[in-house]
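Structure at a glance
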Amino acid sequence: QALYQGFIDYTKEYKFYASLCARYNSKTILEIACGSGNLAKPFSQNFNSYTGLDLSDAMLNIAQKKHPIGTFLKGDMRDFKSNVFYDSILITGRSTSYLLSDVDVLNTLESVYNTLEPNGVFIFDFIDAERFIPFVKANKHITHKSEYKGKHYFRKSQWVQKTDSNLIDWNADYYSVKNNKNVFLGNDTSTFRCFSSKEILLFLSKKGLKVVELVNRKTYAFDTYVIVCKKI
């Protein structure tokens, strides 16, 4: 957690998404894949209500400790159901990249559609295949450095594109730096998906969602797109 606090400016992250929500007069927020709740407190303080949804018990426990009065629910973005409807539904942190199949994407969009107020907005980001695939091919290995509360960390990543697909195998080693020595903290592996803009637009149209805004956004690792859409 400390390493990612150094990678991502969560105050800046909140202001970015809050400004989009405010632009469309949102009052109630659902954040899907909220993780450890880094955006929960400011959203709760500045909007009428905030709910965080995540599949991981460990992440939800951390989120609840960070923000004890916050509302957090366990659920899978691909099949969650809610009796409450929201003005804004967010998927941040490129969490859409873990929707590996077309069925996963379409089921998620259906869940979002069914939980969104008629005039509400769905805001999400995605890894752009048209930029990221060439980046992966040119940078098989890359190191990202992080500093948080005076401590130094870094992550060494390796990306491998699966044959003729937009699926990427990712392997990462994490280190802290103590007394000028690198201390191994652990390893993480996963498979994620990047999308072309054409794919995203097709998925959205199939589920009755229309793009009203497209934002080209830089992150600490690579460029992404953020999309704002509404029910058709």
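Residues numbered from 1 in each chain as written. Predicted model: local features only at pLDDT ≥ 70, side-chain atom pairs only at ≥ 80, totals over all residues. Heavy atoms only, no water.

In terms of regular secondary structure, the chain is built from seven helices and eleven strands. For 232 residues, the compact-globule estimate of 2.2 N^0.38 gives 17 Å, and the C-alpha radius of gyration of the chain, at 18 Å, lies within 12% of that figure. Dimensions of the chain, computed from the C-alpha atoms along their principal axes, are close to 55 × 45 × 30 Å. Scored against the burial criterion, the 232 residues of the chain give a buried share of 49%. When contacts within the chain are restricted to residue pairs at least 6 apart in sequence, those whose partners lie at least 24 apart make up 60%. Surface accessibility of the chain: about 12000 Å² in total, with carbon and sulfur atoms responsible for 50%. Positive and negative side-chain charges in the chain, numbering 31 and 23 respectively, have mean positions lying 5 Å apart. (Helix = DSSP H or I, 4+ residues; strand = E, 2+ residues; numbered from the N terminus. Rg over C-alpha atoms; globule rule 2.2 N^0.38 Å. Buried < 20%, exposed > 50% of the residue type's maximum accessible area, 1.4 Å probe, protein only. Contact = heavy atoms within 4.5 Å. Areas by Shrake-Rupley, 256 points an atom, 1.4 Å probe, with all protein chains shown as cover. Lys, Arg positive; Asp, Glu negative; His and termini not counted. Charge placed at Lys NZ, Arg CZ, Asp CG, Glu CD.)

Right, let's talk about the sheet that holds strand E3 (residues 71-74) for a bit. Strand order in the open sheet made by the seven strands is E3-E2-E1-E4-E5-E11-E10, with mixed pairing throughout. Two strands close off the open sheet at either side, each with one partner strand: E3 and strand E10 (209-218). Sheet twist, expressed as the mean angle between neighbouring strand axes with direction ignored, is 20 degrees. Sheet topology places strand E5 (residues 116-127) next to strand E11 (residues 223-231); six bridges connect them, and they run antiparallel. In the sheet register, Asp-125 faces E11, and the bridge partner there is Val-226. Against the sheet, helix H5 (residues 102-115) engages strand E1 (28-32), strand E4 (86-91), E5, E10 and E11, with an angle of about 150 degrees to E5. (Pairing = 2+ DSSP bridges. Axes fitted to C-alpha atoms, helices over the stretch in contact; angles between N-to-C directions.)

Among the structural elements, Asp-125 can be located in strand E5. Comment: no salt bridge for buried Asp-125; closest opposite-charge side chain is Arg-94, at 4.7 Å. Among the polar contacts made by the side chain of Asp-125, one reaches the main-chain amide nitrogen of Arg-94 at a distance of 2.9 Å. When near neighbours in sequence (up to four residues on either side) are disregarded, Asp-125 contacts Tyr-17, Ile-91, Thr-92, Gly-93, Arg-94, Ser-95, Thr-96, Tyr-225 and Val-226. (Salt bridge = Lys/Arg side-chain N within 4 Å of Asp/Glu carboxyl O. Polar contact = N/O pair within 3.5 Å; in protein donor to acceptor, adjacent residues only side chain to side chain.)

On to the environment of Ser-88. Relative to the assigned elements, Ser-88 resides in strand E4. The class for Ser-88 is buried, based on a relative accessible area of 0%. Expressed as a C-alpha distance, the spacing of Ser-88 and Val-112, which sit 24 residues apart in the sequence, is 9.9 Å. Ignoring any residue separated from it by four or fewer positions in sequence, one finds Ser-88 in contact with Cys-21, Ser-26, Thr-28, Ile-29, Leu-30 and Val-121. A polar atom in the side chain of Ser-88 sits 2.4 Å from the side chain of Ser-26.

In short, shape yes, function no, at least from these values alone.
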